[in-house]
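# Inside the fold
For reference, the chains in residue letters:
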Amino acid sequence: MAAFFDPRRAAGRSLNEYQVIQLLGDGNFSDIEDFEDDDDEIQPSTFENLQLDDPEPEPQLSVAPEPEPMQDTPGPSQLTPRPRSLRPPSRKRVWKQVPFDDCSHDYAPLPVTPVRTPMEYFSDYFNREFFDEIARCTNMYHHRKTGLELKLTTVEVARVFSIHIIIGCIPYPRVPMYWRGGIKLDIITQQMARDRFLTVRNALHIVDADEAPPSNSNNPLWKVQPMIDRLKLACNKLETVPGFYSIDEQMVPFTGRCVLRQVVRNKPRPVGLKNFVLTSSEGLMLDFDIYRGAKTMFADTSLGLGASVVLHLVKSVPPGSCVYHDRYFTTVPLIEEMTKRNLHSTGTIMFNRIPDRTAIKFKPDARMARGESQQYVCGPTVVVKWKDNKSVLMASNCTGSSSSSIVKRWEKHLKMYVDVPVPKVVEHYNQHMGGVDVLDQQMEYYRTFI
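Now for a description of the structure that goes with this document. (Residues numbered from 1 in each chain as written. Predicted model: local features only at pLDDT ≥ 70, side-chain atom pairs only at ≥ 80, totals over all residues. Heavy atoms only, no water.)

## With respect to the packing of helix α4 (residues 154-169) against helix α6 (residues 194-203)
Axis separation between α4 and α6 bottoms out at 11 Å; the angle between their running directions is 100 degrees. On the basis of the axis angle, α4 is roughly perpendicular to α6. Contacts between α4 and α6 pair E156, V160, I163, H164 and I167 from the former with R196, F197, V200 and R201 from the latter. For the contact of α4 with α6, the residue count by class is 5 nonpolar, 1 polar and 3 charged. (Axes fitted to C-alpha atoms, helices over the stretch in contact; angles between N-to-C directions. Helix = DSSP H or I, 4+ residues; strand = E, 2+ residues; numbered from the N terminus. Parallel < 35°, antiparallel > 145°, perpendicular 65-115°, else oblique. Contact = heavy atoms within 4.5 Å. Nonpolar A, V, L, I, M, F, W, Y, C, P; charged D, E, K, R; others polar.)

Set out below in C-alpha cells:
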C-alpha cells in the first residue's frame, strides 16, 4: 500500500485508493515539461492539501448581499467566499476487457515521380530570390556596423552556402584549416578566399533591421524567421498521401544566448532549441515548429501541451492516416480527438494519464510471463499492456492485441534466442515510429554549425 510522511503529525500514514488517484490526477491533461524523467519527484508540499480522513461534503457557495450605499467597507459577513478552481468536467469512461476490432492499414504506395537533379531539389527550399534578399540585408548590415561597403553578390551568397554543405560532408576541427597548406580542399579554396568567407559569414543577415518589428516583437527568432518560414513552406508543399507518420521532438544544437534555449537530458545534443517535427515513417520531414511556449504557439491547450502539439502538426496529414507518437504526447482525450478527425493514433502512454483507470486491473509485472499481454477497451480507444524484459503500455484507436507475431529475444538464463509473441500494436509502433530518429541520424551525418 502507498504511504507518505505526514509533516503535521510527524508520522507515516498509508494512502487509500481514492487518495492515490487524487494525487495522480484524472488523466485528462498532460504537460511535456512535467514528464522529462521516468519517475517524477513529488515535492513535500503536494501532500499539505491532501484529505487524510473521510472527505466531508463541500459547503454550498452563496451569493453575498451587496453593501449598503453609505458603508465604506463590507463587513465580514458580506464577503463572498472565493470559489475553488476546478478542472472542466469530463465524461465517465468505462473500461472493459473485451476484444477490439483492428482498423485496416492497406495504404497504396507513394506515386512514382521522375528523379530530378540535386540543384532542383535544393531550389525548392532556397531559390535565387532568397539569395538576392540575403545579399541585400548582409550589405546593409555590414555598412551600418563598419561604414564600409561589402559588395556581396548573389553568387557569393550561393558559394557561402555551398561551402557550408561541403564542410558538413568533410568535417575539419577548425574552419580556417580548409585553406591551410597541405590539407586544404581545392573545392573550397577555388570558390572563395578565407578572409572573404569569414567576413561574409560573420556579417550574414536575413533581415534588414537591428530591432524586431512590431509584428514579431514577441518572437525571439525574428532574425531567422524568414528562413524558418521558407523551410516550413517547402516541407508543406511535399505530397502527402494516406500512410504512416510519426511525431517526436528533436534538439537543434545551439549554445548561444537565447531565451528559448533548453537543456533536455538524455539527448545526444542536450543543449539547444526544442523542435517538434512531423515526418513520414521513412524520415521525410513534412512539418515542424520550434517550441516558443504553449501560450504563444497554441490558442487552445485544453487537452494539454502534448495533445496541442500533435493536433497542430497533423493539420496537413490526409484523413485515414496513422500517426505514431511517444508517451510525452499520448493521452486518451488526444486519441479520442484524433478519432473525430478521422485519423488513427497510436503511442506509448503512462498509466496516470488514463482517465477512470480504477476499473483497469492489469496484472503486476512479476505475475506476467514474457510475451503476455492484456487489453482494455473504452469506445474507440484500446489500452494494451505487454511484458517483455519490462512492461510497456500502449494506447491506440486502430490496433489492439487481438493478433500477434513472433520476435526473437535473447534469454540470458538459457543463453539463447527464444520466440516471444508481440501484439500487433507494439509491432506496428516499432516499425513506423522511428521516422524522426531517421531524420536526426541523417542530419547528424552532414551537420554544419554556423
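## What about helix α12 (residues 435-445)?
Along α12, the residues that are buried comprise G435, V436 and L439. With its buried residues spanning 95 degrees around the axis, α12 presents them on a single face. Here the buried face of α12 lies against β3 (244-253), β5 (271-280), β6 (285-290) and α11 (424-432). (Buried < 20%, exposed > 50% of the residue type's maximum accessible area, 1.4 Å probe, protein only. Arc of directions from axis to C-beta.)

## Let's talk about α6
Helical periodicity: at 3.6 residues per turn, an α-helix aligns residues three or four positions apart in one direction. For α6, every residue scored as buried is listed here: F197, V200 and A203. The arc enclosing the buried residues of α6, seen along the axis, measures out at 140 degrees, which places them on a common side. Where the residues of α6 are buried, they touch α3 (128-146) and α4.

## Quick notes on the packing of α3 against α4
Running from amino to carboxyl end, α3 crosses α4 at an angle of 100 degrees, the nearest separation of the two axes being 8 Å. Looking at the two axes, α3 sits roughly perpendicular to α4. Judged by residue contacts, R128, F131, D132, I134 and A135 of α3 engage T154, V157, A158 and F161 from α4. Considered class by class, the residues forming the contact of α3 with α4 number 6 nonpolar, 1 polar and 2 charged.

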